[in-house]
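Working through the structure, step by step
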Amino acid sequence: LARPDGVINGRAAAALHRFAGFAAAGRVTIARPPGRGNRSPVAVVTQSALRQTHRVRGLPVTSPALTLVELAGSVGPHRLARAFEEAVLNGQTSVDAVADWFVRLEGSRRAGLPALRSLLEQYGDGTPVPESELESVLYGIMDDPRIPTVERQPSFPWTTDDPRRADGCIRPWS
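Let me begin by describing the structure that accompanies this report.

Each value, and the rule that gives it
Residues numbered from 1 in each chain as written. Predicted model: local features only at pLDDT ≥ 70, side-chain atom pairs only at ≥ 80, totals over all residues. Heavy atoms only, no water. Helix = DSSP H or I, 4+ residues; strand = E, 2+ residues; numbered from the N terminus. Polar contact = N/O pair within 3.5 Å; in protein donor to acceptor, adjacent residues only side chain to side chain. Salt bridge = Lys/Arg side-chain N within 4 Å of Asp/Glu carboxyl O. Buried < 20%, exposed > 50% of the residue type's maximum accessible area, 1.4 Å probe, protein only. Axes fitted to C-alpha atoms, helices over the stretch in contact; angles between N-to-C directions. Parallel < 35°, antiparallel > 145°, perpendicular 65-115°, else oblique. Left-handed = near helix turned anticlockwise from the far one by under 90°. Contact = heavy atoms within 4.5 Å. Nonpolar A, V, L, I, M, F, W, Y, C, P; charged D, E, K, R; others polar. Arc of directions from axis to C-beta. Phe/Tyr/Trp six-rings, centres within 6.5 Å; stacked < 30°, edge-to-face > 60°. Lys NZ or Arg CZ within 6 Å of the ring centre and 35° of its normal.

Tracing the backbone through its elements, the reader meets Glu 135 in helix α6 (residues 133–142). Reaching out from Glu 135, the side chain makes a polar contact with the side chain of Gln 153 at a distance of 2.7 Å.

What follows is the structure in structure tokens.
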């Protein structure tokens, strides 16, 4: 980070963004533009042409959306989904911002694109993200094909001005 073209990325960026399930641990990863030196005694230095930098506590860090794209190739689908859902719910990024990166990289062989596609298909139609880990588990159970379609986070039908919602509703059963 002594050079202006370095940026913290990957899991270290996820920890700095305080994504769910990521804490500071291990060596920091830093991305530099291709063709630049990649030696550091304190960090793993990688080369990447992908750039979208934010500052977190004064440090240059990949944007939340780009960080999620990077994580998609190195973490499991459940861990990626929780980080994605929390980042969207907390307003750190949006489904559209991650989708923009996906579209830019779709023709590449970048690891993790299938996992990202799955998340974007799940939430790209405006489906709300779960508001808790328990709600996420509940939705996983309710996505069973033997159960009728579940409307996620519907308003209560008896009131239109109440901001509270149910976790889910199966209309044929109500």
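Next, the rest of the story.
Moving on, we get to the pattern of salt bridges. Counted by the stated rule, this structure contains five salt bridges. Here Arg 82 and Glu 85 are joined by a salt bridge, their closest N and O atoms 2.6 Å apart. In this pair, Arg 82 and Glu 85 both sit in helix α3 (residues 77–89), three residues apart, roughly one turn of the helix. Side by side, Arg 82 and Glu 85 carry an identical accessibility label, which is buried.

Turning to unusual backbone geometry, a few remarks are in order. Peptide bonds are mostly trans, and most non-glycine residues show a negative phi. Positive phi is not limited to glycine here, since Arg 18 has a value of about 60°. Among the structural elements, Arg 18 can be located in the loop between α1 (10–16) and β2 (28–32). According to the relative accessible area criterion, Arg 18 is exposed, its value standing at 64%. Unlike most non-glycine residues, Gln 153 shows phi in positive territory, near 50°. Assignment of secondary structure puts Gln 153 in the loop between β6 (151–152) and β7 (168–169). Under the relative-accessibility criterion, Gln 153 is labelled buried at 9%.

Axis separation between helix α2 (residues 64–72) and helix α4 (residues 95–105) bottoms out at 8 Å; the angle between their running directions is 55°. The orientation of α2 relative to α4 falls into the category oblique. For the crossing formed where α2 meets α4, the hand is right-handed. Contact with α2, carried on its side by Ala 65, Leu 66, Leu 68 and Val 69, involves Ala 97, Val 98, Trp 101 and Leu 105 of α4 and no other residues of that element. Its residues assigned to classes, the contact of α2 with α4 shows eight nonpolar, no polar and no charged.

Let us now look at α6. Within α6, burial applies to Glu 135, Ser 136, Tyr 139 and Met 142. Angularly, the buried residues of α6 cover 125° about the axis, an arc narrow enough to put them on a single face. Seen from the open side of α6, the exposed residues pointing more than 90 degrees away from its buried face are Leu 134, Gly 140 and Ile 141.

Here we come to the packing of α4 against helix α5 (residues 113–123). It is the contact of α4 with α5, at a shortest axis distance of 10 Å, that shows an interaxial angle of 140°. Taken together, the axis directions place α4 and α5 in an arrangement best described as oblique. Crossing angle aside, the handedness with which α4 passes α5 is left-handed. Side by side, α4 and α5 meet where Val 95, Val 98, Ala 99, Phe 102 and Leu 105 of the first sit next to Leu 113, Leu 116, Arg 117, Leu 120 and Tyr 123 of the second. Of the residues that constitute the contact of α4 with α5, the class distribution is nine nonpolar, no polar and one charged.

Here we take up α5. If you check which residues of α5 are buried, you get Leu 113, Leu 116, Leu 119, Leu 120 and Tyr 123. Taken down its axis, α5 places every buried residue within 120° of arc, on the same side. Among the exposed residues of α5, those oriented more than 90 degrees off its buried face are Pro 114 and Glu 121. Buried-residue contacts for α5 involve α2, α3, α4 and β6.

To continue, consider the packing of aromatic side chains. In this structure the tally under the stated criterion is one aromatic pair. One Lys or Arg, Arg 79, reaches over the ring of Phe 22 and ends 4.0 Å from the middle of that ring. Arg 152 extends its terminal NZ or CZ atom over the ring of Tyr 139, reaching a point 4.2 Å from the ring centre.

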